[in-house]
Amino acid sequence: MCGAATLTAEQRMDQGMQRRATQVAEHLVVRCAGARESTMTDRFDSAKRSEIMSRVRGRDTKPEIFVRRALFKAGFRYRLHVADLPGRPDIVLPRYRIIVRVNGCLWHGHSCRRGRRPATNEEFWQAKIDGNVRRDAQVAAALRMAGWRVWTVWGCQLKRSTELLVRKLEMSRTRQRAASRSRSTEVAR
Ligand SMILES: [Zn+2]
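All figures in this text were calculated on a predicted structure; none of them were measured in a lab.

Engineer: Would you mind going over helix 4 (residues 122–145) with me for this structure?
Structural biologist: Structurally, the α-helix is built with 3.6 residues per turn, so residues lying three or four positions apart point the same way. Along its 24 residues, helix 4 runs 34 Å from first to last C-alpha, staying within 8% of the 34 Å computed at 1.5 Å per residue. For helix 4, every residue scored as buried is listed here: W125, I129, G131, N132, D136, V139, A140 and L143. One or two positions beyond helix 4, positive phi appears at G147, with a value near 90 degrees.

So, in structure tokens, the structure goes:
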């Protein structure tokens, strides 16, 4: 039996994304090598390059965009893929010291049905996923040490987890506004 038949729809989607990322990465290497040989210039403009790199790193995925839209709509502003923080986090809300990670269940080893590892190529999946899980834990520890709160949105709980996040942020915003009001009253006295 074909191993792919045992995958859930979500896992097939994740696999497809990974395959595309690999193809894009290979394409990029070939194009870059070609560029060095011929003209010594970058063959992509920066917009195109960042589009390619975003696909390679699994950025700007649909679930991530869902979370970003919800935050934006609720009036929260964020920074994306911040390179000077551990793990280059997906979404950063500096004002609230919150890091939001949007994790695919299969790739990041969630203990849910979608996170169930495929029965074929067990060694490959084990190495890959265990590596991701280990790295996620190290990155989260480093971020917490640096005073950040880490909020993980799992693919299987996208809507619920995003709603909870927005509510949590709204409470923080209310507290911050109350604090700044009382500060300005003190100054006025
Ligand atoms: Zn899950």
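The rest of the description comes next.
Engineer: Which parts of the structure should I look at to understand the side chain of R101?
Structural biologist: Inspection of the secondary structure puts R101 in strand 3 (residues 98–103). Of the side chains with opposite charge, D136 comes closest to the buried, unpaired R101, at an N-O distance of 4.3 Å. At 3.0 Å, the side chain of R101 and the backbone oxygen of D136 are in polar contact. Each residue touching R101, except ones within four places of it in the same chain, is listed here: D90, D136, V139, A140, V150, W151, T152 and V153.

Engineer: Explain the sheet that holds strand 2 (residues 91–93) to me, please; I cannot follow it from the model alone.
Structural biologist: Pairing is mixed across the open sheet formed by four strands, whose spatial order is 1-2-3-4. For this open sheet the edge positions go to strand 1 (79–80) and strand 4 (149–154), each flanked by a neighbour on one side alone. Along the sheet, helix 3 (residues 62–73) makes contact with strand 1, strand 2, strand 3 and strand 4, crossing strand 2 at roughly 20 degrees. Along the sheet face, helix 4 touches strand 3 and strand 4 and points at about 170 degrees away from the line of strand 3.

Engineer: Please explain unusual backbone geometry as it appears in this structure.
Structural biologist: Generally, phi is negative for residues other than glycine and the peptide bonds are trans, each holding for most cases. With a phi angle near 45 degrees, R88 is a residue other than glycine that sits in the positive phi range. We note that R97 has phi near 50 degrees; this positive angle belongs to a residue other than glycine. For R97, the location among the structural elements is in the loop between strand 2 and strand 3.

Engineer: What is the right way to read the coordination of the zinc ion from this model?
Structural biologist: Each donor-metal-donor angle in an ideal tetrahedron of four donors is 109.5 degrees, and each such angle in an ideal octahedron of six donors is either 90 or 180 degrees. In this structure, C105 (SG), H110 (ND1), C112 (SG) and C156 (SG) serve as the protein donors to the zinc ion, at separations of 2.1 to 2.3 Å. Note that the zinc ion binds four donor atoms; their angles at the metal cover 101 to 117 degrees, and the shape is tetrahedral. Here the donor residues for the zinc ion map to a single chain with the spacing C-x4-H-x1-C-x43-C. Here C112 is found in the loop between strand 3 and helix 4, whereas its partner C156 is found in the loop between strand 4 and helix 5 (158–188), with 44 residues between them in sequence.

Conventions adopted
Residues numbered from 1 in each chain as written. Predicted model: local features only at pLDDT ≥ 70, side-chain atom pairs only at ≥ 80, totals over all residues. Heavy atoms only, no water. Helix = DSSP H or I, 4+ residues; strand = E, 2+ residues; numbered from the N terminus. Expected span 1.5 Å × (residues − 1). Buried < 20%, exposed > 50% of the residue type's maximum accessible area, 1.4 Å probe, protein only. Lys, Arg positive; Asp, Glu negative; His and termini not counted. Salt bridge = Lys/Arg side-chain N within 4 Å of Asp/Glu carboxyl O. Polar contact = N/O pair within 3.5 Å; in protein donor to acceptor, adjacent residues only side chain to side chain. Contact = heavy atoms within 4.5 Å. Pairing = 2+ DSSP bridges. Axes fitted to C-alpha atoms, helices over the stretch in contact; angles between N-to-C directions. Donors = N, O, S within 2.8 Å, 3.2 Å for Na, K, Ca; no water. Tetrahedral: all angles 85-135°; square planar, octahedral: opposite > 155°, others 65-115°.

Without other data, these values stay purely geometric and don't point to any function.
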